[in-house]
Amino acid sequence: MSDVFHDRQARGWSKTGWLQAHYTFSFGSFNDPTRMGFRALRVINEDIVAGGSGFSEHAHDHFEILTFMLSGELEHQDSAGHRGLLKAGDVQLISAGTGVRHSERNPAAESPTHLFQIWLHGNADELPPRYQLLQGALRATQGPRLVASAVEQPGVLQLRAPVNIWAVAAQPGDRCAHDIPGDRYGWLQILEGVVLAEVDGEPQPLELRGGDGLQLSTVRQVAVVARTEARWIWFDLP
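Please read all numbers here as calculations on a predicted model, not as lab measurements.

(A) Highlighting the pairing of strand β4 (residues 41-49). Most of β4 is tucked away, with eight of its nine residues classed as buried. Relative to β4, strand β3 (residues 19-23) runs antiparallel, the two being bridged by five bridges. Within β4, the position partnered with His-22 by the bridge is Glu-46. Two strands pair when backbone bridges link them, and β4 and strand β11 (residues 113-121) are joined in this way by eight bridges, in the antiparallel orientation. Counterpart to Val-43 in the pairing with β11 is Trp-119.

Here's what the structure looks like:
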């Protein structure tokens, strides 16, 4: 398993009357057997949902489903009785477990909603579904903020998977180093903005933009420098 740059322009995509979507890994009608996920990561989708539209009720099980809100709003409702209104900067976690049905809708008639939705393989299929919402996690941060972990702790979404996720909201010139322990793997996902990624062992930094990803299997550190206002998420994976 090697280190791979996932170019935003090489993603799968679809466009309907109300949804523009880009897929880093195989999803829906986009089927590439070489893009079936990485370690615990199975889905990385970037969605723009038109005003007054959304995803009708559908079913999930097994997966840990995270929604990272960049702009707009999204209403959530599920069969376990959970309701939520996600706003820009929020992060939602659905632990699907034994199974749940839910719907997601942009309540604003005129304004689109921009989000990333990410699915992780869960390890608690025998447990009932669980819903969590972390408000403001993608707003301005002082360095990386831990937003999700398998370890229960205040102000952090609790995953049913041995994964740690950090979010960074950076200003131009901000620099953040992410280390990868010897028995772990890393994934850097740029949500928006322009950054330079200084990858351990590489002579030149990589310029990355919103939608780009870095899959890291052998590298032990990557430092990210914001060239514009930028937001990204960092995954520490088993």
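The structure having been displayed, the exposition proceeds.
(B) Main features of the pairing of strand β20 (residues 213-216). Burial along β20 is two-sided: the residues Gly-213 and Gln-215 and Leu-214 and Leu-216 are all buried. Here strand β1 (residues 4-6) pairs with β20 via three bridges, running antiparallel. Counted as the bridge partner of His-6 is Gly-213 from β20. One ladder, built from four bridges, connects strand β17 (residues 185-192) with β20; its direction is antiparallel.

About the thresholds
Residues numbered from 1 in each chain as written. Predicted model: local features only at pLDDT ≥ 70, side-chain atom pairs only at ≥ 80, totals over all residues. Heavy atoms only, no water. Buried < 20%, exposed > 50% of the residue type's maximum accessible area, 1.4 Å probe, protein only. Helix = DSSP H or I, 4+ residues; strand = E, 2+ residues; numbered from the N terminus. Pairing = 2+ DSSP bridges.

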